[in-house]
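# Examining the three-dimensional arrangement
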Amino acid sequence: MIQLQHISKIFEQNNKPIYALKDINLNIPQGQIYGVIGKSGAGKSTLIRCVNLLEKPTSGKVFFDNQDITQLSNHQLIPIRRKISMIFQHFNLLTSRTVFGNIAFPLELNHTPKTMIKQKVNDLIELVGLKDKADAYPANLSGGQKQRVAIARALASDPKVLLCDEATSALDPETTRSILALLKNINQKLGLTILLITHEMDVVKQICDQVAVIHDGELVEQSSVGEMFSHAKTDIARQFIQSTLHLIIPDDYQSRLSHTRQEGLNPLLRLEFTGATVDSPLLSQIAKQFNVDTNIISAQMDYAGGVKFGLMLTEIQGQPENTSSAIQFLRDNHTTVEVLGYV
Amino acid sequence: MFDFIPSFKPFESLCKFLAQYHFWDDFVAFCSSFNGFNEAMIFKMAQATDQTIYMVILSGFWGTVIGLPIGILLYTTRKGQILECYAANGFISLMTNIFRSIPFIILIVWIIPFTTLIMGTFIGKQAAIVPLSIGVSPLIARMIENALLDVPKGLIEAARSMGSTPLQIIFKVLLPESLPIIVNSMTITLITLTGYIAMAGAVGAGGLGQLAIQYGYNGYKPAIMNTVLVILIIIVFIIQFIGNTIVKRVTHH
């Protein structure tokens with residue numbers, strides 16, 4: 001549906017070039033939810049603005065429906081932009097219009113007859129669940145409601161693609177979940193292709209099919225979400241994955257954690273299970289095979305893109321040579337083991 | 001064409017209407033106890049009030065007709081805006097600043113040839129509309145520009161992402177979104193204009209200014225001067241009140 005080919009964007013600041021995007025190649029298939037994750041300043045906002053050419057790339061091509069849209073004039077871009085809708089972190093609703101008026105806005109732009117507008121807007125208001133708010137002004141809505149209005153407005157022009165620019169970053173976790181559920185619902189119901197950029201791996205985990213990691217203006221990794229979570233190739237991707245798994249060492253362990261191996265202390269491990277190892281009973285295997293005890297301090301298991309993955313903090317008690325062999329056994333079975341110290 | 005309310009005489013008509021009743025004589029008698037007042041002067045005062053309001057309305061209107069597009073252009077041709085054009089912005093900005101620098105009292109006499117050209121005369125309330133409109137338009141332009149600068153950039157970006165033409169952005173986003181600030185600025189402008197009109201009165205435009213100068217100052221009748229001031233204060237208060245009421249109605253924050 002959307003292809004980016006060798007997109008680069010250079011900004012001038014005080015006569016010095018700043019490379020916001022470097023040779024980005026991206027292919028977003030029809031009907032998918034594609035996430036681009038990156039830290040702030042990584043270039044993700046510039047990237048998403050290059051898709052509908054709000055920002056003109058310095059070089060490279062953008063294809064929409066196999067049409068090269070980088071060549072088009074501003075005037076020729078207008079009908080294309082109506083097929084590529086966008087929602088924003090700060091909603092960008094018109095404060096002078098009601099919910100109804102906001103959703104009607106894109107329809108007024110292409111001179112839709114009044115009766116059709118009315119019907120369509122009412123359908124959309126129902127779709128996003130704001131039936132009793134049609135006449136309210138944005139100032140009287142909560143953040144989640146505003147984003148619902150923005151989504152309804154984005155859908156009014158029957159787009160083929162929806163661009164989400166940090167659409168949930170200004171919302172609390174619960175509202176974020178409900179907005180993401182709405183996006184997923186729209187994606188499935190209308191077959192809408194969604195490109196979303198975010199700095200939160202949770203968002204990717206919840207709704208994306210494919211994910212790309214952007215860092216310093218470059219796409220460093222892209223794959224399916226399941227693949228990324230089970231076999232992240234780059235450090236930056238692993239950092240994002242770990243950020244969704246909030247595993248911290250409890251204070252009392254932290255205080256007596258020693259970084260060198262001493263007599264009577266047991267290793268404290270951080271285990272990452274991905275893909276096939278999630279379902280195998282590795283802990284009880286090492287218990288039997290190496291005569292060690294495992295003391296699980298905390299553990300978490302999650303699903304992303306159809307792949308299970310888990311993270312565990314555990315202390316292994318036993319003879320030093322036995323615990324070492326146990327760690328080796330875990331590593332041999334494709335578990336990522338990190339020895340955090342000794343307690 | 002520039003004078004689309006030639007028979008605007010509400011207060012004069014009101015006085016004529018009230019003069020049919022016999023309490024009018026008591027009123028005239030009461031007023032005549034102040035130095036310089038008589039029935040003719042009361043009618044003069046009503047006429048002058050009509051002329052002042054007439055000039056506020058017409059020059060406010062034509063000033064906006066000139067100033068609004070200039071203000072929109074000042075904003076939209078700025079760097080990074082929808083009609084970005086360095087040369088046009090520089091030129092319009094320069095012209096606005098030049099006209100804003102000319103003291104109003106000088107402007108009136110400076111453009112007399114132009115006034116005579118389009119109105120046929122340079123004396124009277126109709127003729128005064130020309131310098132008043134031209135004098136107030138750069139002020140309106142800058143106020144509109146300022147009001148538009150307050151519209152969040154994200155809104156324009158959103159409108160562009162929906163495939164709006166520049167004209168649609170101006171008329172469906174920029175102006176409606178900044179309407180409360182525009183109305184507020186227009187209130188201030190109209191009040192400033194009331195002051196300009198009093199100045200224009202000093203050089204033959206008619207209105208309350210002329211009355212105050214001619215009878216109050218030159219004729220040394222303090223009562224007339226003070227009455228004119230009271231009327232001007234009431235006019236300013238009414239403009240402010242109307243402005244505030246409209247702002248309240250169009251604000252949805």
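Scoring rules and cut-offs
- Residues numbered from 1 in each chain as written.
- Chains lettered and ligands numbered in written order.
- Predicted model: local features only at pLDDT ≥ 70, side-chain atom pairs only at ≥ 80, totals over all residues.
- Heavy atoms only, no water.
- 1 Å grid on protein atoms, 1.4 Å probe; cavity = no way out; pocket = protein on both sides within 12 Å on 5 of 7 lines; lining within 4 Å.
- Points joined across faces, edges and corners; volume = space filled by probe spheres on them.
- Helix = DSSP H or I, 4+ residues; strand = E, 2+ residues; numbered from the N terminus.
- Nonpolar A, V, L, I, M, F, W, Y, C, P; charged D, E, K, R; others polar.
- Buried < 20%, exposed > 50% of the residue type's maximum accessible area, 1.4 Å probe, protein only.
- Contact = heavy atoms within 4.5 Å.
- Salt bridge = Lys/Arg side-chain N within 4 Å of Asp/Glu carboxyl O.
- Pairing = 2+ DSSP bridges.
- Patch = residues over 30% accessible without salt bridge, like charges linked within 9 Å, V, L, I, M, F, W, Y side chains within 5 Å.
- Areas by Shrake-Rupley, 256 points an atom, 1.4 Å probe, with all protein chains shown as cover.
- Buried area = accessible area lost by both parts, 1.4 Å probe.
- Axes fitted to C-alpha atoms, helices over the stretch in contact; angles between N-to-C directions.
- Parallel < 35°, antiparallel > 145°, perpendicular 65-115°, else oblique.
- Left-handed = near helix turned anticlockwise from the far one by under 90°.
- Disulfide = S-S within 2.5 Å.
- pLDDT = per-residue confidence, 0-100.
- Core = buried A, V, L, I, M, F, W, Y, C linked by side-chain atoms within 4.5 Å.

A word on the layout of surface pockets. Rolled over the atoms, a probe with the dimensions of a water molecule shows which regions are left empty. Residue and element names in this part refer to chain B. A volume near 940 Å³ is recorded for the largest pocket. If you go around the largest pocket, you meet 36 residues; those closest to its centre are Phe 11, Ile 53, Ile 235, Ile 238 and Ile 239. For the lining of the largest pocket, the secondary-structure elements that each account for two or more residues are helix H1 (10-18), helix H2 (23-32), helix H3 (39-76), helix H9 (166-202) and helix H11 (222-250). When residues of the lining of the largest pocket are assigned to their parent elements, the largest contribution, eleven residues, is made by H3. Among the residues forming the lining of the largest pocket, the class breakdown is 30 nonpolar, six polar and no charged.

This part takes up the side chain of Thr 198 of chain A. Residue and element names in this part refer to chain A. Summarising the element assignment, Thr 198 is placed in strand S8 (residues 193-198). Its relative accessible area of 2% is what places Thr 198 among the buried residues. Beyond its immediate chain neighbours, meaning those up to four positions away, Thr 198 contacts Val 36, Ile 37, Gly 38, Lys 44, Glu 166, Val 203 and Val 204.

Before going further, it helps to spend a moment on the pattern of salt bridges. Side chains that differ in sign of charge can pair as their charged atoms come close. Under the criterion given, the structure shown has 14 salt bridges over all chains. Among the salt bridges present, the one from Lys 16 of chain B reaches Glu 12 of chain B, with a minimum N-O distance of 3.5 Å. Of the two residues, Lys 16 of chain B and Glu 12 of chain B both sit in helix H1, four residues apart, roughly one turn of that helix. Bridged by salt links that share partners, the residues Arg 49 and Asp 165 of chain A together with Glu 157 of chain B form one connected network.

Residue and element names in this part refer to chain A. In terms of burial, strand S7 (residues 161-165) is largely enclosed, as five of its five residues are buried. Burial along S7 is two-sided: Val 161, Leu 163 and Asp 165 facing one way and Leu 162 and Cys 164 facing the other are all buried. The pairing of strand S6 (residues 84-87) with S7 spans four bridges and is classified as parallel. Bridge assignment links Ser 85 to a residue of S7, and that residue is Leu 162. In this sheet, S8 lies alongside S7 in parallel orientation, the contact comprising five bridges.

Okay, a nonpolar patch on the surface next. Taken together, the side chains of Ile 105, Ile 106, Val 109, Trp 110, Met 199 and Val 203 of chain B define a hydrophobic patch exposed on the protein surface, amounting to about 530 Å² of accessible area. Ranked by residues supplied to the nonpolar patch, first place goes to helix H5 (residues 104-110) of chain B with four residues.

Contacts between chain B and chain A engage 18 residues on the former and 23 residues on the latter. Both faces combined, the contact of chain B with chain A buries some 2000 Å², and carbon together with sulfur accounts for 56% of it. The three residues of chain B that bury the most area against chain A are Met 162, Lys 172 and His 252 of chain B, which together make up 32% of that side's buried surface. On inspection of chain B and its partner chain A, the count reaches two salt bridges.

All names here are of chain B. At their nearest, the axes of helix H8 (residues 153-161) and H9 sit 11 Å apart, and the two run at 160° to each other. Here H9 runs roughly antiparallel to H8, going by the angle between their axes. Here H8 runs over H9; the crossing is right-handed. Between H8, through Leu 155, Ile 156, Ala 159 and Arg 160, and H9, the contact on the second element is made entirely by Ile 169, Val 173, Leu 174 and Glu 177.

Residues and elements named next belong to chain B. Along the polypeptide, Phe 2 turns up in the segment before H1. Overall, Phe 2 belongs to the partly exposed group, its relative accessible area being 28%. A C-alpha to C-alpha distance of 34 Å links Phe 2 and Phe 37, two positions 35 residues apart in sequence. Beyond its immediate chain neighbours, meaning those up to four positions away, Phe 2 contacts Leu 58, Trp 62, Ile 118 and Met 119.

Bringing the sheet that holds strand S5 (residues 67-68) of chain A into the picture now. Residue and element names in this part refer to chain A. Ordered by their spatial adjacency, four strands build an open sheet running S2-S1-S4-S5, and the pairing between neighbours is antiparallel. With one partner strand each, in any of the chains shown, strand S2 (16-28) and S5 form the two edges of the open sheet. Taken together, the five bridges between strand S1 (residues 2-13) and strand S4 (residues 59-64) define a ladder with antiparallel strand orientation. Note that in S4 the partner of Ile 2 across the bridge is Phe 64.

On to empty space enclosed by the protein. On inspection of all chains with the given rule, the structure shows two cavities of 30 Å³ or more. Sorting elements by how many residues they give to the lining of the largest cavity places H9 of chain B first, with three residues. For the lining of the largest cavity, the residue count by class is three nonpolar, five polar and one charged. The volume enclosed by the second largest cavity comes to roughly 50 Å³. Together, Cys 164, Glu 166, Ala 167, Thr 168, Leu 180, Leu 183, Leu 196, Ile 197, Thr 198 and Val 203 of chain A line the second largest cavity. Looking at the lining of the second largest cavity, the elements with two or more residues in it are helix H6 (173-190) and S8 of chain A. The dominant element in the lining of the second largest cavity, judged by the number of residues it contributes, is S8 of chain A, at three residues. Of the residues in the lining of the second largest cavity, the class split is seven nonpolar, two polar and one charged.

All names here are of chain A. What the rule picks out here adds up to zero disulfides over all chains. In this structure Cys 50 is a free cysteine whose sulfur lies 17 Å from that of Cys 164, the closest cysteine sulfur available. Owing to a relative accessible area of 0%, Cys 50 belongs among the buried residues under this scheme. Cys 208 forms no disulfide, and the closest cysteine sulfur to it belongs to Cys 164, at a distance of 9.1 Å.

With that out of the way, let us pick up the confidence of the model for chain B. Chain-level pLDDT for chain B is 92 on average; 100% of the residues reach the 70-or-more range. Overall fold confidence (pTM) sits at 0.84, and the ipTM for the predicted complex is 0.84.

This part covers the nonpolar core. Core analysis: the largest hydrophobic core is formed by 99 residues, its most contacted members being Leu 4, Leu 26 and Val 36 of chain A. A per-element tally of this core places H3 of chain B first, with 14 residues. Sequence-distant contacts of Leu 26 of chain A, defined by excluding residues within four places in its chain, comprise Ile 2, Gln 3, Leu 4, Tyr 34, Val 36, Leu 47, Ala 212, Leu 219 and Gln 222 of chain A. The next biggest cluster of nonpolar side chains, apart from the first, holds 57 residues, and it includes Ile 87, Leu 107, Cys 164 and Phe 309 of chain A.

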